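As a plain string of letters, each chain reads:
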Amino acid sequence: MNTIPQREVEDFTDKDLQSIYSQVEDLDVVGIDSFSEEFLEHLEANPTQSGVPLPWAEVSDLVRLRPSEISVWAGINGHQKSTVLSQCLTYAAQHVKVGLASFEMPLIDTSKLMCQQSAASDNPPREYGERFIRWAKDRVYWYRVLGGVKPLQCLGAISAMAKRGCKVVAIDNLQFTGVTDDTERERLFFNQLVGLAEALKIHICVVHHVRKPERGGDEYIPTRFDVRGGGTITDQAHLLFIVWHNKLRKSALQKQEYRAQLTARETEEIENGSDLKLIVAKQRSAEFEGTINLYQTAGRSFKKSKNGAKLFIEGI
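These remarks concern the structure in this document. (Residues numbered from 1 in each chain as written. Predicted model: local features only at pLDDT ≥ 70, side-chain atom pairs only at ≥ 80, totals over all residues. Heavy atoms only, no water.)

Observations regarding the overall build of the chain
Inference 1: For the chain, the count of helices and strands is 10 helices and 11 strands.
Inference 2: When each of the 316 residues of the chain is scored for burial, the buried share is 42%.
Inference 3: For the chain, long-range pairs separated by at least 24 residues make up 69% of all intrachain contacts whose partners lie at least 6 apart in sequence.
Inference 4: Roughly 17500 Å² of accessible area belongs to the chain as shown, and the carbon and sulfur atoms make up 51% of that amount. (Helix = DSSP H or I, 4+ residues; strand = E, 2+ residues; numbered from the N terminus. Buried < 20%, exposed > 50% of the residue type's maximum accessible area, 1.4 Å probe, protein only. Contact = heavy atoms within 4.5 Å. Areas by Shrake-Rupley, 256 points an atom, 1.4 Å probe, with all protein chains shown as cover.)

Points about the pattern of salt bridges
Inference 1: Evaluated as defined, the whole model comprises 9 salt bridges.
Inference 2: The residue Lys97 makes a salt bridge to Asp138 at a minimum N-O spacing of 3.2 Å. Here Lys97, found in strand E4 (residues 97-102), pairs with Asp138, found in the loop between helix H5 (126-136) and strand E5 (140-142); they are 41 residues apart in sequence, far enough to count as distant.
Inference 3: Judged by relative accessible area, which is 41%, Asp138 ranks as partly exposed.
Inference 4: With a shortest N-O distance of 3.0 Å, Lys255 and Glu266 are connected by a salt bridge. Of this pair, Lys255 sits in helix H9 (residues 247-257) while Glu266 sits in helix H10 (residues 264-272); the two residues are 11 residues apart in sequence, bridging distant segments of the chain. (Salt bridge = Lys/Arg side-chain N within 4 Å of Asp/Glu carboxyl O.)

A few points about the side chain of Asn173
Inference 1: Secondary-structure assignment places Asn173 in the loop between strand E6 (166-172) and helix H7 (183-200).
Inference 2: For Asn173, a relative accessible area of 1% corresponds to the buried category.
Inference 3: A polar contact is formed between the side chain of Asn173 and the side chain of Glu104, at a distance of 3.0 Å.
Inference 4: Within the structure, Asn173 has its side chain in polar contact with the backbone nitrogen of Gln175 (distance 2.8 Å).
Inference 5: Apart from the residues lying within four places of it in its own chain, the contact partners of Asn173 are Phe103, Glu104, Val207 and His209. (Polar contact = N/O pair within 3.5 Å; in protein donor to acceptor, adjacent residues only side chain to side chain.)

Overview of the nonpolar core
Inference 1: Counting residues in each nonpolar core, the largest one holds 37 residues, and the members touching the most others are Leu54, Trp56, Leu65, Trp73, Phe241 and Leu278.
Inference 2: With 5 residues, helix H3 (residues 81-92) is the largest single contributor of residues to this core.
Inference 3: In this view, Trp73 contacts Leu65, Lys81, Val84, Leu85, Cys88, Cys205, Val206, Val207, His208, Phe241, Val243 and Leu278; residues no more than four positions away in its chain are not counted.
Inference 4: Ile76, Val227, Ile279 and Ala281 belong to the second largest nonpolar core, which has 33 residues in total. (Core = buried A, V, L, I, M, F, W, Y, C linked by side-chain atoms within 4.5 Å.)

What about the side chain of Glu266?
Inference 1: Among the residues examined, Glu266 registers a relative accessible area of 9% and is labelled buried.
Inference 2: A polar side-chain atom of Glu266 sits 3.0 Å from a polar atom in the side chain of Lys255.
Inference 3: Beyond its immediate sequence surroundings of up to four residues, Glu266 is in contact with Leu248, Ala252, Lys255 and Gln261.

Pasting the structure below:
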């Protein structure tokens, strides 16, 4: 893309400035012949088959993590956004190299979580851990920086992981990048993420929070309109996931385990509710938008059906 010297422009009706911009941007006005091969590849691509699938076979044709796109994983604090994204990254590592920049959890904890999820076990033995090390080598990369980072540091980490071959990179979470306190900085940073995903042909996952519910607390299921920020995040994201953990069902199952008396609502949640809702609130490249109901199982992982088999990574 062409550039001109940086200057403050307050009056975009200025005729001289319009003439300057017209000359500079002339080379970026193109005909279809200049991108015909890319156009034909995109025309033939099947959005239900392109990109990395999620761990659950039942939804593999509904939603995928596609290259050159941004997905936002939003939800109330403590609703297992990072946990379900970790399972998606672990599964994705079977197909492509993945990268994780977690600014909240030490890499020793995020790697342990991935190991547990790959084994579908809360306590995988040391021997399994040794096999996991061999499996994860050159498949999974971590950015080992905790706490707040500058926006350029975050963008640099993404580029560095892409340089190592990562095709799916996760940022956990946006609050640690120093941009969420200013709407314009947040917009500019997200613009950079979109441009980086396109330039590097990678998929970038961004964990983000929603606003504190005005009512309902943890029982409130957020929508796209609850995502923090000035709207630029949901506008620019190609994929928007809302992650909601059913804490009422969790507490009801604990009461049931200890044979405590359940309310009618708690009984209803145990019988008909799911442990987690992964809501596809926006998907620009495919038609599906809706709720994926998931059930928690061993290894802090999730399966698609209540009575389904545990998911584990084969070949470790």
